[in-house]
Amino acid sequence: MKTLNILSQKSDIGLNESFNGKQATVRPQILSAAATACSYVPPLWPLKQFVAVNPFLGLLPQHFSQANAFMRRAAHKDLLMSADFYLNQLANGRITDADLAKALTLFDKNGEFGSVEDVKARLCSIPNEAHAGKHAIHTVADLIDSELGTDWTAFVIDEISKWCAAYFDEGQSSWRMPWCSLPLFEAWKQAASIDRNAEIHGIKGFRDFVRTLPNEPLQAIDFVLRSIRVSEANLTDFFHRQLLTVGGWSSYIQYRAREAGMQGHDDDTLLHLLAIRLVWDRALQMTYYEKLPALDNVIEIEPTEPGVSEKLRLLIQQAYEIGIQQKLVDKFTSPDQLKAQPLPKAIKNKAVQAVFCIDVRSEVYRRALETASPRIETFGFAGFFGFPIEYIRLGHQHGAAHCPVLLTPKYRIRESLINATAEELSDALNKRWSIKRLNKIWKSFKTSAVSCYSYVEIAGLAFGVKLLTDSFGLTRTVTKPGTEGLNVTSVLRLGPQITRQRGRLVATGKVVETGLRLTDKVELAKNALRGMSLTSDFARLVLLCGHGSTTVNNPYAAGLDCGACGGHSGEANARIAAAVLNDVSVRAGLASEGIDIPHDTWFLAGLHDTTTDELRLFDLDCLPSGYEKDIACLQEWLYEASELARTERSVLLGIHENHPQEIKQHIEARSRDWSQVRPEWGLAGNAAFIAAPRERTRQVKLNGRVFLHNYDFKQDSDGSILELIMTAPLVVASWINLQYYASTVDNRLFGSGNKVLHNVVGTIGVLEGNGGDLRAGLPWQSLHDGCKFVHEPVRLSVFIEAPRSAIDAVIVKHETVRHLTDNQWLHLFSIENDGNSYFRYLGHKKWQLESDNRKEENNA
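None of the values given here were measured: they were computed from a predicted structure.

Asker: Pulling in residues and values, what's your account of the overall build of the chain?
Answerer: The number of helices and strands found in the chain is 33 helices and 20 strands. Residues classed as buried in the chain amount to 57% of the 860 residues present. Residue pairs in contact within the chain that sit at least 24 positions apart in sequence constitute 73% of those at least 6 positions apart. Carbon and sulfur atoms form 53% of the exposed surface of the chain, whose accessible area is close to 36,000 Å².

Asker: Can you explain the nonpolar core? Please cite residues and give values.
Answerer: In this structure, F239, W280, F689, I800 and W825 are the most contacted members of the largest nonpolar core, which totals 183 residues. Element by element, the count of residues in this core is highest for helix α14 (residues 269-287), at twelve residues. With sequence-adjacent residues up to four places away left out, F689 is seen in contact with I358, V706, F707, H709, I725, P729, L730, A733, L796, S797, V798 and F799. Core analysis: the next-biggest nonpolar cluster, separate from the first, contains 35 residues, Y391, Y411, V580 and V586 among them.

Asker: I'd like to hear about the pairing of strand β19 (residues 837-843), residue by residue, with values.
Answerer: Burial runs high along β19: six of the seven residues are buried. Judged from the four bridges that link them, strand β18 (residues 827-832) and β19 form a sheet pairing that is antiparallel. Within β19, the position partnered with F829 by the bridge is R840. The hairpin turn running from β18 into β19, its antiparallel successor, is four residues long, and N833 in that turn takes a positive phi close to 55 degrees. Pairing of β19 with strand β20 (residues 846-852), which is carried by six bridges, proceeds in the antiparallel orientation. Within β20, the position partnered with F839 by the bridge is L849. Between β19 and β20, which pair antiparallel one after the other, the connecting turn spans two residues, and H844 there sits at a positive phi close to 55 degrees.

Asker: How would you summarise the pattern of salt bridges if you had to cite specific residues and measurements?
Answerer: Applying the stated criterion across every chain, the model contains 47 salt bridges. One salt bridge in this structure joins D619 and R575, with 2.7 Å as the shortest N-O distance. Highlighted residues: D619 in the loop between β12 (615-617) and α26 (628-650) and R575 in helix α24 (residues 571-581), separated in sequence by 44 residues. A relative accessible area of 16% means that D619 is categorised as buried. Here the residues in one salt-bridge network are R27, D222 and R226, joined through shared partners.

Asker: Outline helix α11 (residues 217-224), supporting the account with residue identities and numerical values.
Answerer: Among the eight residues in α11, eight count as buried, and that is most of the element. Considered for burial, the residues of α11 that qualify are P217, L218, Q219, A220, I221, D222, F223 and V224. In this structure, the buried side of α11 is in contact with α1 (28-39), α8 (184-192), α10 (206-211), β2 (228-229), α12 (232-245) and α14. Regarding α11, its N-cap is E216, as a side-chain oxygen of that residue lies 3.2 Å from the backbone nitrogen of L218 further along.

Asker: Can you tell me about the environment of T236, naming the residues and giving the values?
Answerer: Tracing the backbone shows T236 in helix α12. We classify T236 as buried; its relative accessible area is 17%. In contact with T236, not counting residues within four places along its chain, are A33, T36, A37 and Y40.

Asker: Provide a residue-level description of the side chain of H547, including the pertinent values.
Answerer: Here H547 shows up in strand β10 (residues 541-548). Setting aside chain neighbours within four positions, we find H547 in contact with C357, D359, R361, D561, C562, H568, S569, G570, L607, H608 and T610.

Asker: I'd like a description of the packing of α11 against α14, backed by residues and values.
Answerer: At a closest axis distance of 9 Å, the pairing of α11 and α14 adopts a crossing angle of 30 degrees. When the axis of α11 is compared with that of α14, the two are roughly parallel. Classified by chirality, the crossing of α14 by α11 is left-handed. Within the contact between the two elements, α11 uses P217, L218, I221 and V224 and α14 uses L271, H272, L274, A275, L278, V279 and R282. Residues that form the contact of α11 with α14 fall into these classes: nine nonpolar, one polar and one charged.

Asker: I'd like a rundown of the sheet that holds strand β13 (residues 688-692), residues and numbers included.
Answerer: The six strands lie next to each other as β14-β13-β17-β18-β19-β20, forming an open sheet whose pairing is mixed. Here the strands that pair on one side only, and so sit at the sheet edges, are β14 (706-710) and β20. The sheet shows a mean angle of 20 degrees between the axes of neighbouring strands, taken without regard to direction.

Asker: Give me the lowdown on unusual backbone geometry, citing residues and values where you can.
Answerer: In this structure, H76 is a non-glycine residue whose phi angle is positive, near 70 degrees. Structurally, the position occupied by H76 is in the loop between α2 (64-74) and α3 (83-91). Of note in this structure, D619 is not a glycine but carries a positive phi near 60 degrees.

Asker: Outline the packing of aromatic side chains, supporting the account with residue identities and numerical values.
Answerer: Under the definition given, this model contains 32 aromatic pairs. Centre to centre, the rings of F64 and Y741 are 6.3 Å apart; their planes meet at 75 degrees, and the pair counts as edge-to-face. With a gap of 677 residues between them, F64 in helix α2 and Y741 in helix α29 (residues 729-745) connect regions that are remote in the sequence. In this structure, F64 and Y741 share a single accessibility class: buried. In textbook terms, an aromatic cluster arises when at least three aromatic residues are bridged by ring pairs, as seen for W45, Y167, F168, W249, Y252, Y255 and W735. Positioned over the ring face of F839 is R804, at 3.6 Å from the centre of the ring.

Asker: Quick rundown of the pairing of strand β17 (residues 797-801)? Include the residues and the values.
Answerer: The buried fraction of β17 is high, at five of five residues. Side chains of β17 alternate between two faces, with S797, F799 and E801 and V798 and I800 buried alike. Bridge count for β13 against β17 is four bridges, and the pairing is parallel. Paired with A691 across the bridge in β17 is I800.

Asker: So what's going on with the side chain of D746? Residues and values would help.
Answerer: Looking at the secondary structure, you find D746 in the loop between α29 and α30 (747-750). Buried charge D746 goes without a salt bridge, the closest partner of opposite sign being R748 at 4.4 Å. A distance of 3.2 Å separates the side chain of D746 from the backbone nitrogen of R748, its partner in a polar contact. Engagement of the side chain of D746 in a polar contact is seen with the backbone nitrogen of L749, the distance being 3.1 Å. Not counting chain neighbours up to four residues away, the residues in contact with D746 comprise K77 and G751.

Cut-off values and rules
Residues numbered from 1 in each chain as written. Predicted model: local features only at pLDDT ≥ 70, side-chain atom pairs only at ≥ 80, totals over all residues. Heavy atoms only, no water. Helix = DSSP H or I, 4+ residues; strand = E, 2+ residues; numbered from the N terminus. Buried < 20%, exposed > 50% of the residue type's maximum accessible area, 1.4 Å probe, protein only. Contact = heavy atoms within 4.5 Å. Areas by Shrake-Rupley, 256 points an atom, 1.4 Å probe, with all protein chains shown as cover. Core = buried A, V, L, I, M, F, W, Y, C linked by side-chain atoms within 4.5 Å. Pairing = 2+ DSSP bridges. Salt bridge = Lys/Arg side-chain N within 4 Å of Asp/Glu carboxyl O. Polar contact = N/O pair within 3.5 Å; in protein donor to acceptor, adjacent residues only side chain to side chain. Axes fitted to C-alpha atoms, helices over the stretch in contact; angles between N-to-C directions. Parallel < 35°, antiparallel > 145°, perpendicular 65-115°, else oblique. Left-handed = near helix turned anticlockwise from the far one by under 90°. Nonpolar A, V, L, I, M, F, W, Y, C, P; charged D, E, K, R; others polar. Phe/Tyr/Trp six-rings, centres within 6.5 Å; stacked < 30°, edge-to-face > 60°. Lys NZ or Arg CZ within 6 Å of the ring centre and 35° of its normal. Lys, Arg positive; Asp, Glu negative; His and termini not counted.

In short, shape yes, function no, at least from these values alone.
Shown next as structure tokens:
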């Protein structure tokens, strides 16, 4: 019989036991353990603003190797690939002997694993995957399933999931759960006390048992744990295991708690979910007590040191990541690259400066645009362009945060028609409201109990035509809900506008005026330009280019949009930023701060569609006269850049056409194909983050795998820009990287499974199939092409061109950054001496020389 970790006491009253009001005091150790277990749970954003999140967010204070052992104990899986995977990487040369040798030098100080050949030999002899075995934490349902071959764990997850879906529904269902106004645990009690499903499946007296429970979740937890006794040392892990079994809903509730906390409110709903899960375990324990008397065993589980298999795979994971790092350093320090670095500084009469999001997909387009013309200079900056806004669309009362989820919007911006009369504005509003009302009425007709059957009979046949046209990509071209019914010209004219009236620039849209005082505009503009390292030598045109995507029938569409804009397109931020930077009053304020923008420099907003690689320019009708030739040249360069970018990306998409026009047609067809599970690869392949001047990477082909942020430490005398980069963009990049890492390492636990089987639930997230837990993370099709992984599971390698002392100062000051770097959740490098010297961060303010090109030149 499997060793059990549950400490149980015999109950003589079975399911007839009831809560005694005298037990209302909750034991402090339970409070502490529950709070700690809840802190391990990462947040999960809903689909409408889906953003990548680090699934190990609550484990950052632990070293990566410790977290690996912790997850093996609590989740029964670890954070590494299988031994077979690493053997394949050795066989195909992806991990070289040199990579292994360096890993041994850096991470095997005691010589435990011997030589490179010893490591390879030992890898062949270890189990394919590490198993937690007797040292794992189990729920009661886990134990019963293991001993009797039942499937209670899946049943419990289904039951909890169906009630969570009903309780948290955000408008998908026509009939709301009647107890949604109550706290979660109390609402669940009301539902469970009349639901016969548990009793039908064999838990007799379940409804009566639920009715006797207290309404207060902490009291219910304490009450249950007087029967399911767990040692204090294992209590936190036991709670965490309970939450992991419903990890998707736990994470969504954690997101709600996080959002409430940012508004200054408390939300303890995660404790309610923990109580629900524990109640199910107690009911199962009492039901099976006679069949499994071993549940009365008293077994202590002590934390164990990592085994040989785990240590060996940790070492080889390091070698796997060293391979990428070494290739990057070799590219940066190649003689051709070092000779090419000064060239951008020699560019005279820049025609265009284009600022893109640091998103890895922008790297391909930036390189293509620079290829189109040597008179173009590109920059990388966070895609919200330093404007943390809540953007409220026309006809809506509430908006969405268009800024990184680490920030809270400071400004509320309302969309408005430019130069519109009151009558025109009223007509536009009425049009949108009418569309919303019609959609609501139509949905009610389709789903109501009275009309749903007649709807199918009357309209079902007519939809056959639409199904046919959708299947051939002739229809289903609306990719962003809410834009239906407005013509393209109207949509593009909504938002920030600047026009020239009586010889001066004025803001004519409410979108610029609302909530933005002149002092705010100047401060936002100054910080944005400093963050871009763009404070002088301005081109005649400066393009601020956000990004979005074009897909259909894709619940994860927001995940392909801009993470820096909270899972939305960067259009609003780019247009607002351009409007502010074109304001003559703002420019006067900037001049007093030492930033002089020439009078003939014009800021222009654009949007890069990462699915089709089209780039749209906005508000061209508001350009002053004299820019016609400049815009014509820019559009030609953008057209060429789009062709180059599409051609490069088509290889990974499996497109075999050679002519640029055929490639474009194929990609556009994919974006409209409602059966396409891979319209684009998103951020798959991301592996590194570089904060340095563009000349460090301008001549290097990085294959869309690197987050590129412009940074010149010579313009950052007080280190404030470096601090901002390391505490915001770098952290966001690590979130993205670790989500892709986790979803690849174990898609069942950290990912969302097969996209073909996804069903949207409550507009919140997806289920895989018709039941189970809410799925978090990325679908398998976003990581694997059916034959091989497109994403390599590697932790982020961060290269910052700044003195080590400046980087150390930020690490010491900020705990989150310190956890990421000291605990090896990412790899950190400092670039010094004009790109000639590279230093590896070993943790705790210790550095080691990685490469020094000057030394090699002297030896030569």
